[in-house]
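Structural description and commentary
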Amino acid sequence: MDLKAVIELMETGEQDTALRALLDYNHQMNQCFTFKKEDEHERQHLGELVLDYLSMELQPSCLLACLETVRILSRDKCCLDPFTSRSAMSILARYAGIAVSGTATHTNSQSMEDQGDREGEQTPGGSNEVLRTSCPPLENSDQEVIIEALMSICNLLLHSEMAQVVAADLQLIIGVAQRLKQCYDPTWNHKVRFFDLRLTFLLTATRVDVRAQLARELHGISLLANQLDATLGLCWPDSLETGRAGFEGVPPEELPPLSRQQTELAMEILKTLFNITFDISRRKVDEEEAAAYRHLGAILRLCLMSHADGEERTEEFHSHTVNLLGILPLPCLDVLLKPKVLQGSVEYMGVNMDAVNMLLGFMEKKLDHGNKLKETILPSMNLLTESARIHRETRKFLRSKVLPPLRDVQNRPEVGNELRNKIVRLMTHIDTDVKACAAEFLFVLCKESVSRFIKYTGYGNAAGLLAARGLLQGGRDPGIYSEDEDSETEEYREAKARINPITGVVEEEQSNPMDGMTEEQKEYEAMRLVRMFNKLSRNNIIQPMQLGMDGKMREMTPEDLQNQAHNPLFQSEDQVVQYRKAGPLCGP
């Protein structure tokens, strides 16, 4: 049916006539996500007419058809004005069952006042009268109505900044949180629960104030942790050890996969939890908050050990889990090691390493994929780095997997398919965040010992981190690491004296290019080299650098260059001159 014909039938005001027109329109446009530019005015007018109907008492079938039309029209980013007014959002919130008493606009107000709002006369905080008395909730057991209204609000929040402002002003987060508390109530079907969570995610993703309100006033951490508990069907053998009800004592690899509905709900919860906790590392948490985060960490450990229906869905589920684990307060990460060692568990030094081993495998899998390394690798690598820094058992386990006793001294550290080789290759990645993270991970596994770090990576690969920390002259960063011996294999011990520290491998002996030259010839070549460097420096092609007394690189001044030119062959061993292009420091 033509859009103009639908509008003409809607203007009659008869519900049966309007119902037939809307059913035909909804069927025709149900899968439409792109709209014609020339029909914008008619679509806006249709939206206004539908809202007029929604402000009246309607037959259930007509009510559902009107909300379906709103859902379809709310996909059009260019025609959202009728739906983003305070009155329109209040109507949708009431049908979604999340309207908060004292904030909702009366849905039985005169249609002319509503139409005035939709024509742009009303903005949030404007002059329209809003009821501040109690507004009774919608008495409608039809969950299809709730779902259609929720989907419409989600579309509006996704496409309209004005809708985001109005939703925050109407306190929709309070209404949806009230229903989220009923997570153990079987009344609500999967779609209602899913779109409640999707709405919560969108509200917290788009509004900082709503994010803070959910986290603090509405106790969002506990609220959403209970949602995860109910969704996954958990039992608690111990205060910080959880499992899936009915599968107590079953090894993780033998657990059945989570259903599609479970993973859909769990991922929405995880994304929302990330929104309200991503800045937690910037402030201290009290004992009550720490207990809530440790409880959440125990659930996240189970998420990490669970599988979804299909490898792709499992990776997505684990990605959200790792993202959230990576921002929990560091003292709370000990819950990853809490479970008892069971038959089939990965055990190291008497500790259950299932979760750590899973994280390591997840990181390597993302590394092998090679796509968007910054987004995929950094969360898991940062999490493993910080866990290794504060837990001795975790560090030793990771070192045994990533940096086992060195035997291959013939190939460069970055050459090969072992996990160490893959991570060393990242240390010269074009993205500075990726290479810094990779270097930090290996440095922590080496207990921040410069000599051990160079042994496993080569000085050339290690130079960036060492320069940033002022450790180019060697030494060790202070840290809380236990003392243990650096085991050396027989192969490494035999070749140690012949290993080139720059490349980290044994190289064939090279002839000295200065053999056969007189002292005068050597001095001439040295002076010529200094003059060439000086010329490149003056033209800003390279920037000469020198190692300062603090162990960090600093730019060389013309006076420094002059001093080097006067005595190029007898410079101190503590003043090794290096050069870089104008920009970041390059390794040798």
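The text that follows walks through the structure, step by step, so that each part is easy to find. (Residues numbered from 1 in each chain as written. Predicted model: local features only at pLDDT ≥ 70, side-chain atom pairs only at ≥ 80, totals over all residues. Heavy atoms only, no water.)

Digging into the overall build of the protein chain
As a reminder of what qualifies: Numbered from the N terminus, helices here are DSSP runs of H or I no shorter than four residues, and strands are runs of E no shorter than two. To sort residues, take the accessible area from a 1.4 Å probe on protein chains only and compare it with the maximum for the residue type: under 20% means buried, over 50% means exposed, and anything in between is partly exposed. We call two residues in contact whenever any of their non-hydrogen atoms come within 4.5 Å of each other. What sets the accessible areas is the Shrake-Rupley method with a 1.4 Å probe; for residues, cover comes only from the shown protein chains.
Within the protein chain, the secondary structure is distributed over 26 helices and 9 strands. Here the protein chain holds 588 residues, and 50% of them are scored as buried. Residue pairs in contact within the protein chain that sit at least 24 positions apart in sequence constitute 72% of those at least 6 positions apart. Carbon and sulfur atoms provide 50% of the accessible area of the protein chain, an area that totals close to 29,300 Å².

Re the nonpolar core
Keep this limit in mind: Buried Ala, Val, Leu, Ile, Met, Phe, Trp, Tyr and Cys residues that are joined via side-chain atoms within 4.5 Å together make up what is termed a nonpolar core.
Counting 152 residues, the largest nonpolar core has Leu-46, Leu-54, Leu-228, Ile-423, Phe-441, Phe-453 and Leu-466 as the members making the most contacts within it. Once residues within four sequence positions are removed from consideration, Ile-423 is found in contact with Met-363, Leu-367, Met-381, Val-402, Ala-438, Phe-441 and Leu-442.

Re the pattern of salt bridges
A pair can form between side chains of opposite charge whenever their charged atoms are brought close. Note the following rule: Between Lys or Arg on one side and Asp or Glu on the other, a salt bridge is scored when a side-chain nitrogen of the former is within 4 Å of a carboxyl oxygen of the latter.
Overall, the coordinates contain 24 salt bridges when judged by the stated rule. We note a salt bridge from Glu-268 to Arg-198, for which the minimum N-O separation is 2.9 Å. One end of the pair, Glu-268, is in helix α13 (residues 260-277); the other, Arg-198, is in helix α10 (residues 190-206), and 70 residues separate them in sequence. Among the residues examined, Glu-268 registers a relative accessible area of 4% and is labelled buried. The class of Arg-198 is partly exposed, set by a relative accessible area of 26%. A salt bridge links Glu-316 to Arg-313; the nearest nitrogen and oxygen atoms lie 4.0 Å apart. Separated by 3 residues within a single helix, Glu-316 and Arg-313 lie in helix α15 (residues 311-325), roughly one turn from each other. Glu-316 gets classed as partly exposed once you look at its relative accessible area, which sits at 37%. Several salt bridges share partner residues, and in doing so they unite Glu-386, Arg-389, Glu-440, Glu-448 and Arg-469 into one network.

The quantities given are spatial measurements derived from coordinates; they are silent on function.
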